[in-house]
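Given next are the chains, with one letter for each unit.
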Amino acid sequence: MSEAGAAVHAEHEREGFVRHYIFSKDHKMIGRQFLFAGLVMLIVGGLLAMMIRWQLGWPETPLPITGLFSEEFWDGDSWLAQTLPYGTITSEFYNALFSMHATIMIFFVVVPIMVGAFGNFLVPIMIGARDMAFPTLNMLSFWTAVPAYILILLSFFVPGGAAAAGWTSYSPLAAVPDYLGVAGPWGVNLWCISLIILGFSSLMGSINYITTIVNMRAPGMTWFRLPLIVWAIFIVSILLLLAFPVLTAALGMLLFDRLFGTHFFLPEGGGDPLLWQHLFWFFGHPEVYILVLPAMGVTSEILPVFARKPIFGYRAMVYSMIAIAFLSWIVWGHHMFQSGMDPALGTAFTLTTMIIAVPSAIKTFNWLGTLWGGSIRFPTPMLFALGFVFLFTIGGLSGIFMASTPVDIFIHDTYYIVAHIHYVVAGIIFGIFAAIYYWFPKMFGRMLNETLGKIHFFLTFVFFNLTFFPMHFLGVGGHMRRIYNPLHYEFLEPLQGINVFISVMALCLGASQLFFLANFLWSLFFGRRASENPWQANTLEWTAPSPPPHGNFLTAPVVYRGPYEYSSPEVAEDWLPQTRRVEVASAGGHG
Amino acid sequence: MLSWLPEGVSTYARDIDLVFYVIYYITGFVFVLVTVLLVWFLIKYRRQEGRPAVYSHGNTMLELVWTIVPAMVFITLSLVSQSTWARIKAFAPPGDVEVRVVAKQFGWEFHYPGPDGRFDTEDDKMFEGELHVPVNKVVRLYLRSQDVIHSVFIPNVRLKQDAVPGREILAWFEATKPGRYEIPCAELCGPGHSGMKGWLTVLSAEEYRQWVEAQWPAS
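Fair warning: this is a prediction, and the values are worked out from it, not measured in the lab. (Residues numbered from 1 in each chain as written. Chains lettered and ligands numbered in written order. Predicted model: local features only at pLDDT ≥ 70, side-chain atom pairs only at ≥ 80, totals over all residues. Heavy atoms only, no water.)

Quick word on the packing of helix α13 (residues 380-403) of chain A against helix α1 (residues 13-44) of chain B
Consideration 1: Interaxial distance between α13 of chain A and α1 of chain B falls to 9 Å at its minimum, and their mutual angle equals 170 degrees. Of the possible angle classes, the one that applies to α13 of chain A and α1 of chain B is roughly antiparallel. Of α1 of chain B, the residues touching α13 of chain A (which contributes Leu386, Phe390, Thr393, Ile394, Leu397, Ile400 and Phe401 of chain A) are Phe20, Ile23, Tyr24, Thr27, Val30, Phe31, Val34, Thr35, Leu38 and Leu42 of chain B.
Consideration 2: Class assignment of the residues belonging to the contact of α13 of chain A with α1 of chain B gives a composition of 14 nonpolar, three polar and no charged. (Axes fitted to C-alpha atoms, helices over the stretch in contact; angles between N-to-C directions. Helix = DSSP H or I, 4+ residues; strand = E, 2+ residues; numbered from the N terminus. Parallel < 35°, antiparallel > 145°, perpendicular 65-115°, else oblique. Contact = heavy atoms within 4.5 Å. Nonpolar A, V, L, I, M, F, W, Y, C, P; charged D, E, K, R; others polar.)

Written out as structure tokens, the structure is:
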């Protein structure tokens with residue numbers, strides 16, 4: 001071990017338990033903290049989805065847990081007996097279920113895992129820095145998020161239950177407590193407060209990422225030698241920095257309407273309900289790309305490694321991400337075609353929405369180009385990355401229907417939208433799994449089990465499609481989203497069989513995740529030790545030990561080339577790390 | 001997949017379904033293309049001993065093709081969408097029948113102006129959850145809401161329009177087939193959202209005349 005490495009190690013040893021595991025300033029520990037927080041919330045959000053599917057498959061049938069408790073228990077006034085009378089989901093609780101499912105999955109799972117966990121873990125180490133630009137701010141960013149997590153979970157237990165106005169919280173439904181018809185106003189209040197707090201956390205994180213990427217790149221790490229995941233996090237940080245304050249402001253106004261009698265979104269006092277929608281979606285649509293860009297970045301990292309080929313069209317990939325980032329600011333109106341907004345505006349938003357599909361198409365074709373002519377192997381991270389490409393193709397194409405204003409008249413607010421958002425956003429979970437299977441060896445120094453990983457992938461992929469694809473049929477049949485009981489409608493009765501099918505598949509999808517949980521927990525402690533570079537990858541994190549010590553590198557890296565030099569004719573091996581210096585041996589040879 | 005669409009019973013249902021079908025076939029083609037390429041590449045270029053990967057960073061010509069072709073297709077699709085959209089939402093034809101729809105938690109009120117053809121007069125009549133209209137006539141709906149946002153959705157007519165408190169929003173349709181059709185609320189409006197619905201009854205010209213006479217006996 002070099003002297004510098006020994007010094008780094010000694011510094012690391014001196015830290016106590018609290019400094020090392022709890023109030024850590026090490027970007028890798030903070031990344032792990034975000035990962036665990038996000039995975040715990042993924043379980044919560046998944047269980048909520050299971051309950052939603054139970055209600056839609058077998059409306060107003062007691063949950064299978066009912067028999068576990070006695071009659072007296074259900075007659076009692078415990079929280080559970082009140083929330084689920086005799087084990088049955090009420091319409092009030094159902095509304096809370098889907099509102100919180102979406103809120104948790106979007107704000108407390110995907111962003112924290114993609115940006116918080118992998119952004120933190122990967123950005124400094126992939127650009128060759130010892131840590132983030134502001135380690136203390138980084139720690140603060142995580143610990144600011146913690147109260148947001150606690151409040152959103154606590155909100156289930158306040159009188160009246162958790163927020164039930166949808167994750168979009170359209171006003172006046174969300175702005176006037178009485179309209180929700182529940183026993184207390186604190187569900188939506190806590191929802192607002194929790195997200196406002198989360199906004200501060202996200203602000204601190206994004207400033208840190210931007211500063212780190214701009215200032216702390218290793219010698220030789222030029223902008224066009226950055227791995228695409230770093231580009232993705234950089235662009236996402238800018239979007240978060242600019243978009244989240246808009247949501248924070250809107251949430252503040254909503255809270256004022258609810259608590260202090262203002263009328264920002266209430267017409268009786270001169271406010272406008274559509275103002276909320278404009279503010280929410282002005283944040284909300286960049287948010288969609290905040291969710292998906294990192295998953296695209298992960299895919300762009302993993303495909304070249306396992307196809308043993310450079311990424312196809314590196315610059316096109318970068319430019320298309322930048323194009324998405326700009327266009328994402330001018331498409332929000334496509335959520336509001338039927339809202340009463342001027343129809344002429346709808347025309348403009350159709351055009352911008354169609355245009356933003358172009359960079360997404362470019363990315364998909366470039367991934368195909370990367371696979372073309374490769375020498376492809378199929379370990380679990382590759383399978384999940386390929387799964388993401390497939391799901392994103394469906395999610396992207398189904399989005400074209402909504403972009404078209406006349407078609408949107410019919411499918412707006414139906415299960416077609418639910419199918420689309422799950423192919424995109426739940427498809428991002430495939431990106432998350434790909435990232436976990438790929439970087440787990442670096443994060444924890446141990447390999448995940450390949451067999452369990454492959455079983456997990458195949459079950460998840462099959463049940464995912466069997467769950468979400470039939471939702472397109474429901475939507476085309478006119479099935480509205482967010483309805484508590486489809487049997488309330490005569491025209492939906494013939495579709496109920498599809499609902500039952502989807503519910504069975506969704507429960508199987510949920511159960512398949514046990515393979516991941518078992519694999520993750522077992523490998524964390526007993527997995528095979530990971531070598532420094534188990535995938536024979538080029539990027540800088542694989543030159544550090546697994547797991548990397550505080551300070552990351554034993555010797556400061558110098559970068560000589562881009563991140564995707566696989567099967568390069570310059571060397572005999574089929575990979576060529578960014579840090580490896582190749583002596584020009586062949587005189588006059590052109591590489 | 002589109003065989004799941006409810007039967008269209010309005011003049012513009014066919015126009016909407018046409019755009020739906022155009023996009024369906026285009027996206028269906030692209031989906032098949034991408035999936036076939038994906039699976040083909042995965043099989044053809046799977047790891048084989050002695051066959052190294054091609055060292056290539058891309059191809060500018062291909063990049064241009066798959067930028068320009070999708071852009072052309074998408075711009076065409078927005079133009080195709082635009083004319084249908086404008087005809088349905090931007091330029092409402094003059095109404096033969098006018099009805100004010102008042103949405104509230106959790107039901108629809110349909111206000112008819114009565115024989116004088118003017119709202120807010122003595123001969124107005126309100127029907128809770130029941131909308132009666134004649135076939136082959138333009139019906140104008142003036143949407144209002146008393147409390148939260150609701151959305152009038154008549155799947156068979158292919159009509160969807162939010163009702164927003166503080167505004168009056170115009171929607172219209174011309175039904176082409178007599179019958180009874182459900183009018184669910186499509187926007188989450190509270191605990192009673194599910195089950196908030198009304199009925200559209202499309203009557204023949206003669207039946208509609210009789211219905212009007214029964215409601216407003218000649219005075």
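What about the packing of aromatic side chains?
Residue and element names in this part refer to chain A.
Consideration 1: All told, the structure shown has 90 aromatic pairs over all chains when counted by the stated rule.
Consideration 2: Between the aromatic rings of Phe34 and Phe142, the centroid separation amounts to 5.0 Å while the plane-to-plane angle is 85 degrees, which identifies the pairing as edge-to-face. Residue Phe34 is found in helix α3 (residues 27-57), and its partner Phe142 is found in helix α7 (residues 135-154); the two are separated by 108 residues along the sequence. (Phe/Tyr/Trp six-rings, centres within 6.5 Å; stacked < 30°, edge-to-face > 60°.)

Observations regarding a nonpolar patch on the surface
Consideration 1: Together, Met61, Leu64, Val65, Ile68, Val69 and Met72 of chain B give the surface a local cluster of nonpolar side chains, amounting to about 570 Å² of exposed area.
Consideration 2: Structurally, Val69 of chain B can be placed in helix α2 (residues 60-90). (Patch = residues over 30% accessible without salt bridge, like charges linked within 9 Å, V, L, I, M, F, W, Y side chains within 5 Å. Areas by Shrake-Rupley, 256 points an atom, 1.4 Å probe, with all protein chains shown as cover. Salt bridge = Lys/Arg side-chain N within 4 Å of Asp/Glu carboxyl O.)

Things to note about the nonpolar core
Consideration 1: Membership of the largest hydrophobic core comes to 280 residues, with the highest contact counts inside it found for Leu35, Phe107, Phe108 and Ile436 of chain A together with Leu131, Phe173 and Leu200 of chain B.
Consideration 2: Among the elements that make up this core, the one with the highest residue count is helix α6 (residues 91-127) of chain A (26 residues).
Consideration 3: The contact partners of Phe107 of chain A, leaving out residues within four places of it in the chain, are Pro112, Trp167, Leu195, Leu198, Phe244, Leu247, Phe283 and Glu287 of chain A. (Core = buried A, V, L, I, M, F, W, Y, C linked by side-chain atoms within 4.5 Å. Buried < 20%, exposed > 50% of the residue type's maximum accessible area, 1.4 Å probe, protein only.)

Comments concerning the interface of chain B and chain A
Consideration 1: Facing 80 residues of chain B, the contacting portion of chain A comprises 95 residues.
Consideration 2: For the pairing of chain B and chain A, the buried interface totals around 7600 Å² over both sides, and the portion due to carbon and sulfur atoms is 71%.
Consideration 3: Across the contact surface, chain B and chain A share one salt bridge.
Consideration 4: The closest approach of N and O atoms between Arg167 of chain B and Asp272 of chain A, which form a salt bridge, is 2.7 Å.
Consideration 5: At the junction of chain B with chain A, the criterion picks out 30 residue pairs in polar contact (both at pLDDT 80 or more).
Consideration 6: When residues of the side of chain B that touches chain A are traced back to their parent elements, those giving at least two are α1, α2, β7 (159-163), β9 (179-184) and β10 (197-203) of chain B.
Consideration 7: Of the residues forming the side of chain B that touches chain A, the biggest block, 17 residues, is contributed by α2 of chain B.
Consideration 8: Residues that form the side of chain B that touches chain A fall into these classes: 47 nonpolar, 20 polar and 13 charged. (Buried area = accessible area lost by both parts, 1.4 Å probe. Polar contact = N/O pair within 3.5 Å; in protein donor to acceptor, adjacent residues only side chain to side chain.)

Brief notes about the side chain of His472 of chain A
Consideration 1: With respect to the secondary-structure elements, His472 of chain A resides in helix α16 (residues 450-476).
Consideration 2: Assessed through its relative accessible area of 2%, His472 of chain A is described here as buried.
Consideration 3: Filtering out sequence-adjacent residues up to four positions away, His472 of chain A remains in contact with Ile394, Ser398, Tyr416, Ala419, His420 and Tyr423 of chain A together with Met1 of chain B.

Structural notes on the pairing of strand β5 (residues 138-145) of chain B
All names here are of chain B.
Consideration 1: When you tally the buried positions in β5, you get seven out of eight residues, the bulk of the element.
Consideration 2: Note: strand β1 (residues 97-104) against β5, seven bridges, orientation parallel. Looking at the pairing, Val102 lines up with Arg144 of β5.
Consideration 3: In terms of strand pairing, β5 meets strand β8 (residues 169-174) through six bridges, oriented antiparallel. The residue of β8 that forms the bridge with Arg140 is Trp172. (Pairing = 2+ DSSP bridges.)

Some remarks on the confidence of the model for chain A
All names here are of chain A.
Consideration 1: On average, chain A scores 93 in pLDDT, and the residues at 70 or more come to 96%.
Consideration 2: Confidence drops under pLDDT 50 across residues 1-7; counting only partners more than four residues distant or on other chains, this segment forms five contacts.
Consideration 3: Here residues 587-591 is modelled with pLDDT under 50, and outside its nearest four sequence neighbours on either side it reaches zero contacts, counting other chains as well. (pLDDT = per-residue confidence, 0-100.)

Considering the sheet that holds strand β3 (residues 125-128) of chain B
All names here are of chain B.
Consideration 1: The five strands are arranged β3-β2-β1-β5-β8 in an open sheet whose pairing can be described as mixed. Two strands lie at the open edges of the sheet, namely β3 and β8, each paired on one side alone. Sheet twist, expressed as the mean angle between neighbouring strand axes with direction ignored, is 30 degrees.
Consideration 2: Strands in contact with helix α3 (residues 205-215) are β1, β2 (107-112) and β3; relative to β3, the strand with the most contacts, it is inclined by about 110 degrees.

Observations regarding helix α9 (residues 228-259) of chain A
Residues and elements named next belong to chain A.
Consideration 1: Taking 1.5 Å per residue, 32 residues should reach 46 Å; α9 reaches 45 Å between its end C-alpha atoms and fits that length.
Consideration 2: Here α9 lies mainly inside the structure; 25 of its 32 residues are buried.
Consideration 3: Just beyond α9, the residue with positive phi is Gly261, at close to 75 degrees. (Expected span 1.5 Å × (residues − 1).)

Quick word on the side chain of Lys442 of chain A
All names here are of chain A.
Consideration 1: By secondary structure assignment, the location of Lys442 is in helix α15 (residues 415-444).
Consideration 2: Of the side chains bearing the opposite charge, Glu532 lies closest to the buried Lys442, which forms no salt bridge; the N-O distance is 6.3 Å.
Consideration 3: Of note is the side chain of Lys442, whose polar atom sits 2.6 Å from the backbone oxygen of Ala544.
Consideration 4: A polar atom in the side chain of Lys442 sits 2.9 Å from the side chain of Ser546. (Lys, Arg positive; Asp, Glu negative; His and termini not counted.)

Things to note about the sheet that holds β9 of chain B
Residues and elements named next belong to chain B.
Consideration 1: Here we have three strands laid out as an open sheet, ordered β4-β10-β9, and mixed in their pairing. Lying at the two open borders of the sheet, with one neighbouring strand each, are β4 (130-134) and β9. If you compare each strand with its neighbour and ignore which way they point, the axes differ by 25 degrees on average.
Consideration 2: In the sheet, β9 pairs with β10 via six bridges, with the strands oriented antiparallel. If you follow Tyr181 over to β10, its bridge partner there is Leu200.

Considering the pattern of salt bridges
Consideration 1: Enumeration over the complete set of coordinates arrives at 16 salt bridges over all chains.
Consideration 2: Arg580 of chain A serves as the salt-bridge partner of Glu573 of chain A, at 2.9 Å between the closest nitrogen and oxygen.
Consideration 3: The class of Glu573 of chain A is partly exposed, set by a relative accessible area of 33%.
Consideration 4: Looking at Arg580 of chain A, the relative accessible area reads 33%, which means it is partly exposed.
Consideration 5: Between Arg158 of chain B and Asp17 of chain B there is a salt bridge, with its nearest N and O atoms 2.8 Å apart. Separated by 141 residues along the polypeptide, Arg158 of chain B in the loop between β6 (150-154) and β7 and Asp17 of chain B in helix α1 bring together distant segments of the chain. As far as burial versus exposure is concerned, Arg158 of chain B and Asp17 of chain B are alike and both buried.
Consideration 6: Here the residues in one salt-bridge network are Lys104, Glu109 and Glu128 of chain B, joined through shared partners.

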